[in-house]
Amino acid sequence: MADRILEVNNLTVDIPVPSGMLHAVQGVSFSVGRGETLCIVGESGCGKSLTSLAIMDLLPANASRTADKLEHDGVDILNIGENRMANIRGNTMGMIFQEPMTSLNPAYTISNQLEEALLRHKKVGRGEARERAVFLLEKVGITAASNRLRQYPHQLSGGLRQRVMIAMTLMCGPDLIIADEPTTALDVTIQAQILLLLAELQKEFHMGLILITHDLGVVARVADRVAVMYAGQLVEQGTATQVFENPTNPYTQGLLDCIPIPGKTARGAHLGSIPGIVPSLIGDLNGCRFADRCPYAKDECVAKDIEFRAAFEAGHSYRCVLSPEVCAKNAQRKLIA
Amino acid sequence: MFIYACKRFGVAVLVAITVSLLSFSLIYLSGDPAMALAGESATSEDIENIRRVYGYDQPIMVQYVDWLSRVVQGDFGRSHYLKREVAEVIFERLPTTMLLGACALGFAILLSIPLGVLAAIRPNTIIDRLALTLAVVGQALPSFWFALILIFWLGITWRLLPITGTASWQNFIMPAVALGYYVTPAIMRLTRAGMLEVLSSDYIRTARAKGLKPATVLFKHALRNAIIPVVSLAAVQFGFMLGGSIVIETIFAINGLGFLAWETIQRGDLPTMQAIVLVLACFYIVLTFLADMLNAFLDPRIRVA
Amino acid sequence: MTSKLLKTIGLAAVMAIAGVNQAWAGKSNDTLVWTTDREQAVADPYYNNTRELVIMGHAVWDGLLFRDLDSGEFKPLLAKSYKWVDNLTLEFDLRDDVVFHDGSKFDADDVVYTVNHVSNKDNGVLTFQNVKWMKNAEKLGPYKVRIHLHEPFPAALAYLSNAVFMMPSGHYDGAPMKADGKKDFGAVKPVGTGPYKIVEVIAGDRINMERNESYLKNGPKGQPQIGKLVFRTIKEMNTQMAELLTGGIDWMWDVPKDQAESLEAQGAVTVENAKTMRVSYLAFDVDGDSGVKYFTDPRVRAAVAHAINRASITKNLVGPASVVIPSACHPDQFGCAQDVTKWDYDPAKAKKLLTEAGYPNGFEFDIYAYRQREYTEAVIGDLAEVGLKANLKFMQYRALRDLVWKGQTPINHMTWGSNSIPDVSAITSHFFSGGRDDPAKDPEVIKNLETADTSVDPEVRKRHYKEALEKISANLYWLPMFTYAKYYVYSKDLDFKTTSDEIPRFYTAKWK
Amino acid sequence: MTKTVIDVRDARQTFMISAGAFRGKRPLHAVNGVSITIDRGEVLGIVGESGCGKTTLAKMILGLLQPTGGDILLEGRPITELTRLEVARLLQPIFQDPYSSLNPRKSVGNIISLPLKVQKDPHPESWRERVEEKMALVGLAKRLYNLYPNQLSGGQRQRVAVARALVNRPQVVICDEPTSALDVSVQSQILNLLQDLRYQLNLTYILISHNLAVVEHIATRVAVMYLGRVVEEADTASLFERPQHPYTRALLESVLTPEPALGVPDTQLGAAYPNPVAPPSGCTFHPRCTQVMNHCSRIAPRPVATETGHVECHLYAADQGKERAIS
Amino acid sequence: MSAPNPTINGTLAGAPVVAQILEPSPGAILRRRIFGHVGLVLGGAFLVLIIAMALLAPFLAPHDPLDQELSRKLIPPIWHDSPKATWEHPLGTDLFGRDYFSRLIYGSQISLLIGFAAMLISGVIGTTLGVLAGYFGGRVDMVVNFIITTRLSMPVVLVALAVVSLIGNSLWIVIWVLGLLIWDRFAVVMRSSTQQMRNLDYVAAAQALGCSTFRIIVTEIMPNILNNLIVVATVEMAHAILLEAALSFLGLGVQPPAPSWGLMIAEGKGFMFFQPWLIGIPGAALFILILSINLLGDGVRDVTAPENQN
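Residues numbered from 1 in each chain as written. Chains lettered and ligands numbered in written order. Predicted model: local features only at pLDDT ≥ 70, side-chain atom pairs only at ≥ 80, totals over all residues. Heavy atoms only, no water.

This next bit is on the interface of chain D and chain E. Taken residue by residue, the interface counts 31 residues in chain D and 29 residues in chain E. Interface of chain D and chain E: buried area, both sides summed, is about 2600 Å²; carbon and sulfur atoms make up 56% of it. Together, Arg84, Arg105 and Gln151 of chain D form the three largest contributors to the area buried by chain D at its contact with chain E, with a combined 23%. At the boundary of chain D with chain E, the tally comes to 1 salt bridge. Linking chain D with chain E are 7 residue pairs in polar contact (both at pLDDT 80 or more). (Contact = heavy atoms within 4.5 Å. Buried area = accessible area lost by both parts, 1.4 Å probe. Salt bridge = Lys/Arg side-chain N within 4 Å of Asp/Glu carboxyl O. Polar contact = N/O pair within 3.5 Å; in protein donor to acceptor, adjacent residues only side chain to side chain.)

So, in structure tokens, the structure goes:
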């Protein structure tokens, strides 16, 4: 676990829009180790997908990316240029997207799309590529793999396509997979299967996995470590247990209050809610992004940028002006109320 | 695929039959077809004779079925003016027009698809703006005007190209350009729009995430999908061009079907007029059928239904 | 500014002609390419009465006689000699050294076959006027024939030299059958005895002719000089001019006055304005057959006549060789009296007449035309100024003629070239003898023409023609407009003589 | 007032799906014999995977689709005898996507007052007042009256949709995935709103959702649908505490609650949801069932009454299989 | 799903960065976009100018466009340094001595009338067919599709020429023939637009509210496909004007002495080598008219398209 497969330090993504500069991702830092699953969770528009695209260097052309550090397997991938980055993409770093229905090219067979990355990155023949494709398809639980290879994406169901996508990502034997909402478009039953598969494969191939999702349930079940994002910033980071058992940042706390948990939330009772809306990220931003929705906001929250601070346990940190003790008390109070 | 082809073919046949009905009814626009057919020197006796021979005294549906059954056997009747079998005349001139149409379409495609692709991969740049300007300007130029300008510059002033006739391949350049440029904007825009849409699609992102070379992403993954609607459009445009060849062939004195059509219309040679409408329509139908087949080949979602 | 620049550069370039391509026309190829805008599908002078076929008729076929344009005298051509046996019989001795293009020898059988074929109304010769005066032909010997007339016909020699071409015997027998059960005589392969032979007919595009190397020696037509003669159809006047300027063709005509003058000023080609036998006329629907009754009123017709500024049209649009005509014939034709009722340009009077007729605000009607659209447009413009709104229906000749025959045109603006026959019978008698073309069917006119046509006394003829012409002009069955003058434009390399009868004799042309 | 508001009796909806020129069309039984009653004041949750027919069922109840078989009685009257307007007075929908469910060219006020217009409400002068009243009820400020949907947030839009549904005081509101397009923080607001309105206006809900946590939280009764049939139906408490049907069990296992200790469950469901055009024989669930028996693939189970509802499974009516097998 | 952010929508992972921005009203956005779009403003301005020219023709034109005087024919426009050029006829005169400037001004009436009327006729036919097919789908769609395919397979220019030559030509016949021939694009575009709208929930909501089908089509669907309709309308208007010009060029369009621009080109075409302004001026006018209509159409498409940028 020691060796870090990805290290991100102070990643920022800005996008020019007609009304100014959109600060989509600001100062995001995290790292992923081999065999570790990091979940980045947040609501829509919080910048989690852009973070993943920034790591893959797949941002839209007009977006600008800066970082203090962006290392993959100890190698700087921040300034290596498109050609060398392309050699990494799909080779040692793979990505799975949200929409299995549209992420495969409808014009080519499964086999063609599976094999092309391998042929591109590794010196292998077509026969070998085919063998690996069959092997991986079976690995991701697709039966009659050699028949499936001849099929086109539209002939497969959503769950199968997402399995194909996973197999495709694994073709070159990557050591890091970034999965951006891989199960959002799928039924709950299929979702569980896909997540299970991902987790198993990750352990088996000892890969790092960054799973991006808005679903706290998924995060809790899959993650080793969790990073919560709000309005372009990380607001809390820690192990799954730390974040879910002792949420410290007020936003994380509010978020967890919002979802009904069978057995814990009283049936039919009022759910917690976060009033207000996400702030605009265009233009100069100061202070806590959550301030105007936060029940504990004070003047100092908007005055200055808020730093990350450590919570009680090691490896658990959060962004807030409030001390860990106050936060813990707040969380208690809400449970009682 | 086979089933799709059969189904599509069935529709094509139905359309062809409807078109034949329409072009058959053209003859009734003129009032008395027998009189029109009999021509200038006919006596009322002749007209009666023709009415009987052609069956114009029969109910219209009987006439139509009769006419259609002859047409299916390749007998479009005889042109009074040309003194020849209509079918013979048409198939004598069809190749010239087809060749002209193919040249024009070739020109349009060679110009528009690269431009459209360029514009799409560099949106909002000079290239894009140039291409768009070309499109807007191109669509506003009346083709006969453009043809005359071409003759003036390329034919007379610079003497680069022969002006009339079909003697050599050079003869086809100006008419092909004059005929083809008008469809260029449409194809270019569709290519651009298609490319833009495809380039922003999830599977292109997937392809890029696989680390494929930009050229592979562009040509293998993007163009193939973006080109699918262009194929249909090109077929439709080819049909339009056959119609547009009337003006162009007249200007460049090309002895093709368009020119024949124009002459035919002027002299009210009804059987030939009917036949040309029908032949052009059928050609269009065949063409769109082939385009659909090509699309099915390009797009497995249609092929493997 | 651009257009000026365009013009300057364009003309400069035209001046600096240095034949680049277009190798198939011109002196270097010994090929004379001439062009008109009309497509020719039928290469037979009897079954295609266009001017192009009249021209080709003289190049490809020969008649028994030949009219010398300079002296006006009739010379034997395929005949060695001829004589009137009586008023109804012409006798010919034929040459025995003539061969058709297909190698067969010409003899009396051919004459008998041709005359009997064309003079039979059932065989549907298009301009039947040209041949209907012949009753039949009779073979007297292998090279001796007689042609019998229905009635005395003083213009017979003119027709024989201009419009009766000799075909080989049996020529039309193999014609294909039409759907209505009649033979399609126009569809046979053309064969003649003339200085050029037709080698290829591409309908709608061209007719290729080659010099007849074995053309009869010492004939009045002389020997053809240029190796190949090509007729091409080019619809667009611009395209024709473009081709002429770039050497793609050698000869064109019917160039509008202004363009011709511009071409002349520029000097790269030869431009000539020549008289023709063609006249322009307006024919009124005198008896209201078309359903439009306005023109049954003589005052309305007079108003139209006064409204049109014929002199201006002649001067500004037609050309210097054109003149306004008062009577329904060409001034050069025998019997064409000029001292008939004249209708001067007087729009005020026209308006007054219209008011009298009950149309102070004018009215609207269709005017039909087929040739030189701009002339008709000028007429429409003039009519508009007295409040008459004429809608132009511009058609092809044959389609329009059908309408005219059916009496469906309120006014038609047409022309007639008299088949270049210098006799009033070729125009006035054609139109006013009560036939399909006759707008008035005036019995008095018909009678006068009949008398004039069949008399052999020139004075009697003149007198009766004049009476007929006076009646036509006075009653305005027609408004005679003007004679056509034609602009010929041809290559500077070409030694070509224009003629006043609108029949270019390409067989006399040669390269400079 | 009767207790039962909606009575669905053996409702069927069959679509003809083209299968090629010469094979003709093949039937897709989207809803294949559903019987269900909804009582006044109840919240009926309908759950199931996509393609199970829950949205089709909702559309049939709303009168947007004519049933191809069976009856749907609204307050005891067959829906086929009711006009569109009568159905509309009784039932109103709330859709999943608050972006496509509002006409972008109409202002909020126009959208919410549309039902009044359509019902030809006799007091046009009172419309604005009533619309603003409803806006207040769903928590929308008056100043939003003249805004357009694109100027609103997702939550606000869904509130507009709720207000539109309520303006004519319907008895039943059919909520088709009302929160699945919304963020968690907004979802809870809408769910709270729906809960509040239910008590205030004495509404009956049909709640269609794939989110079992939401259904468990709000519904009083739950129907589980699989391939066009209700395979289990029961009180919420019984269903979630004692699921009977193997499919219900699998569904419940698949629910991922934010409890890190539990890990990802293995539901043991075979990979694919079957093609509804060619459903499996017998019990349509048998290919994915962990407790499949021999006769499951041959004989379709019949509903068996349970404590609070019914279940369709051979496990609970062992005699059914034999009986049929003999006859 | 979240508020579509115009700049980054489509290119990002489907999750727009800004969840909620209070946007200005659609009208305000539209106004802003319209005035920010160069092509649209230019095209619109030119079109307004041309329409004004058509409406004010009797006041603007210095001469009667039909007033013929052969003695003053072919006067060149004033920019030619020819002694004949005169301010009396700023654009010169034609072969018949008619004032070209006045003819040009009156000609705008005819070209606009043809474009507008033909577009209206084809628009009514095409939109009706397209909307019905898109809304009802199924058999209706099949039938309409068949009609569209049949129509598309008939060569427009040829059929128009044939019909006009058979039944005669007048301004209104030309308009009707064109109108009856070029509705296909309306039908195709309206059909697909309606299909898209048809499947949106607000249509279902309107149905569930008890709206009649007619009301749904008119008040729910039509306003949302109006932008596409306008775009097609401009394209077809331009198409009709160009077709009329082509018919006139071949002599079967509007009949003289009407000063249609197409006819002016046809009449001037014989002079292109020596009096190029005769074809250049109406050609340029036609070009500018079509260009502005096209720019307008493109502009409308750009500013109303959801994926619109800048």
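Now for the arrangement of the chains. In this assembly, 8 pairs of chains are in contact, and the pair with the greatest number of contacts comprises chains A and D. Between chain A and chain C there is no contact, and the shortest C-alpha to C-alpha separation is 41 Å. Chain C makes no contact with chain D; the smallest distance between any of their C-alpha atoms is 43 Å.

Bringing the pairing of strand β9 (residues 221-226) of chain D into the picture now. Residue and element names in this part refer to chain D. Judged by how many residues are buried, β9 sits mostly within the fold: 6 of 6 residues are covered. Inspection of the sheet shows strand β3 (residues 43-47) paired to β9 by 4 bridges, in the parallel sense. In the strand pairing of β9, Ile46 is matched with Ala223. Between the antiparallel neighbours β9 and strand β10 (residues 229-235) lie 2 residues, among them Leu227 with a positive phi of about 45°. (Buried < 20%, exposed > 50% of the residue type's maximum accessible area, 1.4 Å probe, protein only. Helix = DSSP H or I, 4+ residues; strand = E, 2+ residues; numbered from the N terminus. Pairing = 2+ DSSP bridges.)

Quick look at the interface of chain D and chain A now. Counting residues at the interface gives 41 residues for chain D and 43 residues for chain A. Around 3700 Å² of area is buried between chain D and chain A when both sides are counted, 58% of it from carbon and sulfur atoms. Contact with chain A buries area across many residues of chain D, yet His217, Pro258 and Pro260 of chain D alone supply 18% of it, more than any other trio. Across the chain D-chain A interface, the total number found is 15 residue pairs in polar contact (both at pLDDT 80 or more). Those elements giving two or more residues to the side of chain D that touches chain A turn out to be α6 (184-201), α7 (212-218), α8 (236-241) and α9 (246-254) of chain D. Of all the elements, α6 of chain D adds the most residues to the side of chain D that touches chain A, at 10 residues. The residue makeup of the side of chain D that touches chain A, split by class, is 17 nonpolar, 16 polar and 8 charged. (Nonpolar A, V, L, I, M, F, W, Y, C, P; charged D, E, K, R; others polar.)

Attention now goes to the domain arrangement of chain C. Residue and element names in this part refer to chain C. The domains assigned to chain C are domain 1 (3-37 + 182-271 + 489-495 + 503-511), domain 2 (38-181) and domain 3 (275-485). Counting from both sides, the interface comprises 17 residues of domain 2 and, opposite them, 17 residues of domain 3. Here domain 2 meets domain 3 over a buried area of about 1500 Å², counting both sides, of which 50% is carbon and sulfur. On the domain 2 side of the contact with domain 3, Arg51, Gln129 and Pro154 bury the most area, a combined 30% of that side's loss. If you look at where domain 2 meets domain 3, you find 0 salt bridges. (Domains from an automatic or database assignment.)

A few words now on unusual backbone geometry. The general pattern is negative phi for most residues beyond glycine and trans for most peptide bonds. Even without glycine at this site, Asn10 of chain A takes up a positive phi of about 55°. With respect to the element layout, Asn10 of chain A can be found in strand β1 (residues 4-17).

Residues and elements named next belong to chain C. Overall, antiparallel pairing links the 4 strands, which are arranged β4-β5-β7-β6 in an open sheet. Only two strands of the sheet have a single neighbouring strand rather than two, namely β4 (79-86) and β6 (134-141). Within the sheet, the average angular offset between the axes of one strand and its neighbour, ignoring direction, is 20°. Both strand β5 (residues 89-94) and strand β7 (residues 144-149) contribute to a ladder of 5 bridges, which runs antiparallel. Paired with Asp93 across the two strands is Lys144, which belongs to β7. Set on the sheet, helix α3 (residues 108-118) makes contact with β5, β6 and β7; between it and β6 the angle comes to about 165°. (Axes fitted to C-alpha atoms, helices over the stretch in contact; angles between N-to-C directions.)

For the rest of this paragraph, the subject is the nonpolar core. Note that soluble globular proteins tend to have their nonpolar side chains buried in a common cluster. Tyr46, Leu64, Phe92, Met209 and Trp251 of chain C are the most contacted members of the largest nonpolar core, which totals 352 residues. With 18 residues, helix α11 (residues 214-251) of chain B is the largest single contributor of residues to this core. Not counting residues up to four positions away in its chain, the partners in contact with Trp251 of chain C are Leu32, Val33, Trp34, Thr35, Leu244, Tyr488, Val489, Tyr490, Leu494, Phe496, Pro504 and Phe506 of chain C. With 120 residues, the next largest nonpolar core counts Val17, Met95 and Val228 of chain A together with Val264 of chain D among its residues. (Core = buried A, V, L, I, M, F, W, Y, C linked by side-chain atoms within 4.5 Å.)

Counted by the stated rule, this structure contains 1 disulfide over all chains. At a sulfur-sulfur separation of 2.0 Å, the disulfide partner of Cys329 of chain C is Cys336 of chain C. Between Cys329 of chain C and Cys336 of chain C, the disulfide has an S-S torsion of 90° and is therefore right-handed. The buried category is assigned to Cys329 of chain C, whose relative accessible area is 0%. In this structure Cys336 of chain C comes out as buried when scored by relative accessible area, which is 9%. Unpaired in this structure, Cys327 of chain A has its nearest cysteine sulfur neighbour in Cys320 of chain A, at a distance of 4.6 Å. Given a relative accessible area of 1%, Cys327 of chain A falls into the buried group. (Disulfide = S-S within 2.5 Å.)

All names here are of chain B. One can find Ala193 in helix α9 (residues 184-199). On the basis of relative accessibility, which here comes to 41%, the residue Ala193 falls in the partly exposed class. Note: C-alpha distance between Ala193 and Ser112 (81 residues apart in sequence) is 12 Å.

This part covers the pairing of strand β11 (residues 233-239) of chain A. Residue and element names in this part refer to chain A. Extensive coverage of β11 is indicated by the burial of 6 of its 7 residues. Relative to β11, strand β10 (residues 225-230) is paired through 6 bridges, and the arrangement is antiparallel. If you follow Arg225 over to β11, its bridge partner there is Thr239. Counting the residues that bridge the hairpin from β10 to β11 gives 2 residues, and of these Ala231 lies at a positive phi of roughly 50°. As defined by bridge partners, β11 adjoins strand β13 (residues 317-319) across 2 bridges and the pair is classed as antiparallel. Across the sheet, residue Glu236 finds its bridge partner in β13, namely Tyr318.

So, about the packing of aromatic side chains. Summed over the entire model, instances satisfying the criterion amount to 52 aromatic pairs over all chains. Taken together, a centroid distance of 5.0 Å and an interplanar angle of 80° make the contact between Phe295 of chain C and Phe365 of chain C edge-to-face. Placement of the pair is Phe295 of chain C in the loop between β12 (269-284) and α7 (298-307) and Phe365 of chain C in strand β13 (residues 364-369), with a sequence separation of 70 residues. Summarising the burial analysis for this pair, Phe295 of chain C and Phe365 of chain C share the class buried. Plain terms: the ring middles of Tyr135 of chain E and Phe136 of chain E are 5.1 Å apart, the flat faces sit at 80° to each other, and that makes the pair edge-to-face. Note on Tyr135 of chain E: relative accessible area 4%, which makes it buried. (Phe/Tyr/Trp six-rings, centres within 6.5 Å; stacked < 30°, edge-to-face > 60°.)

A separate point is the confidence of the model for chain D. Residue and element names in this part refer to chain D. Of the residues in chain D, 93% have a pLDDT of 70 or more, and the chain-wide mean is 85. Residue range residues 323-327 is modelled with pLDDT below 50. Its contacts to residues more than four positions away, or to other chains, number 6 contacts. Here the predicted complex carries an ipTM of 0.80, next to a pTM of 0.82. (pLDDT = per-residue confidence, 0-100.)

With that out of the way, let us pick up the packing of helix α7 (residues 143-157) of chain B against α11 of chain B. All names here are of chain B. Between α7 and α11, the least distance of the axes is 10 Å, while the angle of their chain directions is 25°. Put simply, α7 runs roughly parallel to α11. Judged by the twist between their axes, the crossing of α7 over α11 is right-handed. Facing α7, whose interface residues are Ser143, Phe144, Ala147, Leu148 and Ile151, α11 presents Val247, Ile248 and Ile251. Along the lines of polarity and charge, the residues of the contact of α7 with α11 split into 7 nonpolar, 1 polar and no charged. (Parallel < 35°, antiparallel > 145°, perpendicular 65-115°, else oblique. Left-handed = near helix turned anticlockwise from the far one by under 90°.)

Where nonpolar side chains cluster on the molecular surface, the patch consists of Val38, Leu42, Phe46, Leu49 and Ile288 of chain E and spans about 460 Å² of accessible area. One can find Phe46 of chain E in helix α2 (residues 38-55). (Patch = residues over 30% accessible without salt bridge, like charges linked within 9 Å, V, L, I, M, F, W, Y side chains within 5 Å. Areas by Shrake-Rupley, 256 points an atom, 1.4 Å probe, with all protein chains shown as cover.)

Here the focus is the sheet that holds strand β7 (residues 172-176) of chain D. Residue and element names in this part refer to chain D. Pairing in this open sheet of 8 strands is mixed, and the strands run β6-β7-β8-β3-β9-β10-β12-β11 from one edge to the other. Of all strands in the sheet, those with a lone pairing partner are β6 (91-94) and β11 (304-305), marking the two edges. As defined by bridge partners, β9 adjoins β10 across 6 bridges and the pair is classed as antiparallel. Bridge pairing links Ala223 to Glu233 in β10. In the packing of α9 onto the sheet, contacts are made with β3, β9 and β10, and the angle to β9 comes to roughly 105°.

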